[in-house]
Amino acid sequence: MKKSAKIIILFLAPAIFSYMLVFVYPMIRTIVMSFFAVRNVTDPIYRWSFNGIENYLTIFGSDLFIQSVFNVAKIWFYGGISVMLIALLFAVILTSGIRGKRFFRASIYLPNIVSAVAMATMWIQYVYNARFGFLNEMFTALGMIELAAIEWTGPGMLFWSMLIAYSFGMVGYHMLIFMSGIEKIPAEIFEAATIDGASILNRFFMITLPLLKGVSKTNVMLWSVSTAAFFIWSQMFSPLVPALQTVTPMIYMFQTIFGADLSVSVHDSGAGAATGVILTLIIIVIFLIVNFVFKKDEVEY
Amino acid sequence: MNSSKKIGTKFNWTKEISLMPGYVIITLWVALTFFLLAWIISASFSTTREIFGGRVFEFETGLNFNNYVKVWTAHMVSAYFVNSLIYTVTTCVVTILIAAPAAYALARFKFKFNKLIQNMFIAALGIPAIMIIMPLFYLATVLDLTNSRLTLTVIYICMSVPFTVYFLLPFFSNISSSYEEAAYMDGCGPIKTFWNIMFPLAQPGIITVTIFNFIIIWNEFFMALIFANHTRLRPLGVGLYTMIQSLRYTGDWAGMFAAVVIVFVPTLVVFLIFSEKIIASVTGGGIKG
């Protein structure tokens, strides 16, 4: 017994140590930091001074922060609904027995494995370009002059352009997860329903959808985690100074801690830490809500 | 996994027609994806003048490889590329060396905190990066490591360990314990048993998780922006980001699209080779909420 304990420790120690170094220690320090006035991220502890919930009051008093939370909520809600509906539609189509399923599946998933910086560049510099852009050329060719004249990366459309570009790449990933759920449903159930005269729509709403509770929960969780971390796309769509339309909590925090930019006049790492804590709390609350909505009654076949 | 419809099945007109709307929707989406990619690749071989004239697919000036030569040398893309390779390959290798023994111990041994440690690793998957960067940046400064590739590499490794442990665990649980018993009979110690017998047996899982780690680390941007933002240390993603800001002003659009292609080609190649493996493990319950 003594010997196996030694082996367990030997095998686990490096992994646990790495976990302590990069997750436990930083999280504790960030939480503590959020209750202190800390100017620079590199300030040692003796230069911190306790100031209670002052940092939290600071960020909630900042228009930029409030806007960033509002933006991320919009991304989560509008983007979430569109991505999930399209992903579900594609998953249903791909599992309906069409030919070339493997090809289509891989092609739809493809954008997800490409660097977001490259994808965002493609959208900003090509698709949305006002002079030779894809949308501009397409709408001009179709004779839709008003649509062709839209300034996609102008202040009015910036948020939606960013959301469309981001969502486009996320569809494939969530589609794969829906497909895994649909493929686990035994074919006999569908056959029986078809024999009983159920239409395609009936089968979808009466069989497929209720049985997809488990994967839907997974999808919502994964969508929430990736939305909370929303950063690159925002950074790419307004690279120099964060625009009000695209700012997210990650961007806000990045600016408060490291920003050389003008939007946040002084570095305030205490406020940055408070932003992190609030974002983590939001994620936890979303998890609890999702767990409550999709209660544990997963079906076994 | 595979649908029961094989290429050889008889062509059923009524069925294919009922599937028509599905074919149309999917084909349009995929055609759009390929068109955009094809445009970017063509643009990377044309000239800025052709791009602005909307004549990207005509190749009037032939294939302009010099776009690639230019960004590769003048804009330091070669250095960024090598950096990306160093970060990604080191992370993939060391992560496995740390995570595989841990996954094995958690899968095989019964002990008091086993479940707790497993949950701890799962919890890490939901921790936002924002919670950990400040203390890590402080540590890097105190240790005088802000100007070294080591910092980002260590962070990448530590951040990849939880997912890798979580992913490998079922692979080790599914190996029959008769292998260990036989090794024990032959007088093989537990460490040797692990590296010589169990590790090779878990290879399918190890390969798949390494593909995932490769793609994730290659495309990582946020940590790199904070911990490797010196020209010398930048990986491709951050390099491309800074380059785009400057190319926009110099007006070298063809060069910019060449840089975009250089960034996505490695993951694209990995995906073309391993797409079935990657997709099977996303759909096969490898990732759960």
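As a convention, each chain's residues are numbered from 1 in the sequence order in which they are written. For this description, chains carry letters from A and ligands carry numbers from 1, given in the order in which they are written. Given that the model is predicted, a residue must reach a pLDDT of at least 70 before its local features are reported, and side-chain atom pairs must reach 80 or more before they are shown or counted; all residues, however, enter totals for whole chains, interfaces and linings.

1. A short note on the overall build of chain B
The condition that has to hold: Numbering of helices and strands runs from the N terminus, with a helix taken as a DSSP run of H or I at least four residues long and a strand as a DSSP run of E at least two residues long. As a reference, a globule follows 2.2 Å times the number of residues to the power 0.38, and the radius of gyration itself is taken over C-alpha atoms. Here the C-beta atoms are placed from the backbone, and a residue counts as buried if at least 20 other C-beta atoms lie within 10 Å of its own, exposed if 12 or fewer do, and partly exposed otherwise. Residues are scored as being in contact if the C-beta atoms we place from backbone atoms lie within 7 Å.
Summing up its helical and strand segments, chain B has 14 helices and 0 strands in all. Written out in order from the N terminus, the α and β elements of chain B read α-α-α-α-α-α-α-α-α-α-α-α-α-α. Taken over C-alpha atoms, the radius of gyration comes to 24 Å for chain B, far larger than the 19 Å a tight globule of 289 residues would show. Each principal axis of the C-alpha distribution contributes one length, and for chain B these read about 75 × 70 × 35 Å. Expressed as a percentage of the 289 residues in chain B, the buried residues total 43%. Excluding contacts between residues fewer than 6 apart, the proportion of contacts in chain B whose partners are at least 24 apart in sequence is 74%.

2. Description of the confidence of the model for chain A
Just so we agree on the cut-off: Known as pLDDT, the predictor's confidence for each residue is given on a scale from 0 to 100.
Summing up the model confidence of chain A, the mean pLDDT is 87 and the portion of residues at 70 or higher is 95%. Element-level pLDDT for chain A is lowest in helix H7 (residues 145–148) of chain A, with a mean of 77, against a maximum mean of 94 in helix H3 (residues 63–94) of chain A.

3. Examining the domain arrangement of chain B
Under the convention used in this document: Domain extents, as shown, originate in an automatic or database domain assignment.
Each assigned domain of chain B is listed with its residue range as follows: domain 1 (13–66) and domain 2 (75–250). If you average the C-alpha positions of domain 1 of chain B and of domain 2 of chain B, the two centres end up 36 Å apart.

4. Here we look at the interface of chain A and chain B
Reports of interface size often rely on the accessible area that becomes lost once the parts have come together. For clarity, the cut-off: Each residue gets one of three labels, nonpolar for Ala, Val, Leu, Ile, Met, Phe, Trp, Tyr, Cys and Pro, charged for Asp, Glu, Lys and Arg, and polar for the others, Gly among them.
Residue-level contacts link 75 residues of chain A with 72 residues of chain B. Grouping the amino acids of the side of chain A that touches chain B by side-chain chemistry returns 52 nonpolar, 17 polar and 6 charged.

5. Some thoughts on the confidence of the model for chain B
Residues and elements named next belong to chain B. A residue-level look at chain B finds 94% of positions with pLDDT of 70 or above and a mean pLDDT of 86. The least confident element of chain B, judged by mean pLDDT, is helix H1 (residues 13–18) at 76; the most confident is helix H5 (residues 77–108) at 95. Residue range residues 1–7 is modelled with pLDDT below 50. Its contacts to residues more than four positions away, or to other chains, number 4 contacts. Listed scores for the predicted complex are pTM 0.88 and ipTM 0.87.

6. Some remarks on the packing of helix H9 (residues 178–185) of chain B against helix H10 (residues 190–201) of chain B
Residue and element names in this part refer to chain B. As a reminder, the rule being used: What counts as an axis is a line fitted to C-alpha atoms, over the stretch in contact for a helix, and the angles between N-to-C directions run from 0 to 180 degrees. By definition in this entry, angles of less than 35 degrees are roughly parallel, angles greater than 145 are roughly antiparallel, angles of 65 to 115 are roughly perpendicular, and the rest are oblique. If you view the pair so one helix is near and one far, a crossing is left-handed when the near helix is turned anticlockwise from the far one by less than a right angle, and right-handed when it is turned clockwise.
Axis separation between H9 and H10 bottoms out at 11 Å; the angle between their running directions is 155°. Relative to H10, H9 is oriented roughly antiparallel. The chirality of how H9 crosses H10 is right-handed. On H10, the residues touching Tyr179, Glu180 and Ala183 of H9 are Thr193, Ile197, Met198 and Leu201. Its residues assigned to classes, the contact of H9 with H10 shows 5 nonpolar, 1 polar and 1 charged.

7. Topic: the nonpolar core
Nonpolar side chains tend to gather and get buried jointly when the protein is soluble and globular. All names here are of chain B. Note the threshold: Note on terminology: a nonpolar core is a set of buried residues of type Ala, Val, Leu, Ile, Met, Phe, Trp, Tyr or Cys, with members joined through C-beta atoms within 7 Å.
The biggest cluster of nonpolar side chains holds 171 residues, and the ones touching the most others in it are Ala103 and Leu168. When residues are assigned to domains, this core turns out to be shared by domain 1 (13–66) and domain 2 (75–250), each giving three or more. Setting aside chain neighbours within four positions, we find Ala103 in contact with Val165, Leu168, Leu169 and Phe172.

8. Overview of the packing of helix H5 (residues 116–127) of chain A against helix H13 (residues 236–250) of chain B
Remark: H5(A) packs on H13(B), axes separated minimally by 9 Å, with the N-to-C direction vectors making an angle of 25°. Comparing their axes, H13(B) and H5(A) come out roughly parallel. Side by side, H5(A) and H13(B) meet where A:Val117, A:Ala118 and A:Thr121 of the first sit next to B:Gly237, B:Leu240, B:Tyr241 and B:Ile244 of the second. When grouped by side-chain class, the residues that make up the contact of H5(A) with H13(B) number 5 nonpolar, 2 polar and no charged.

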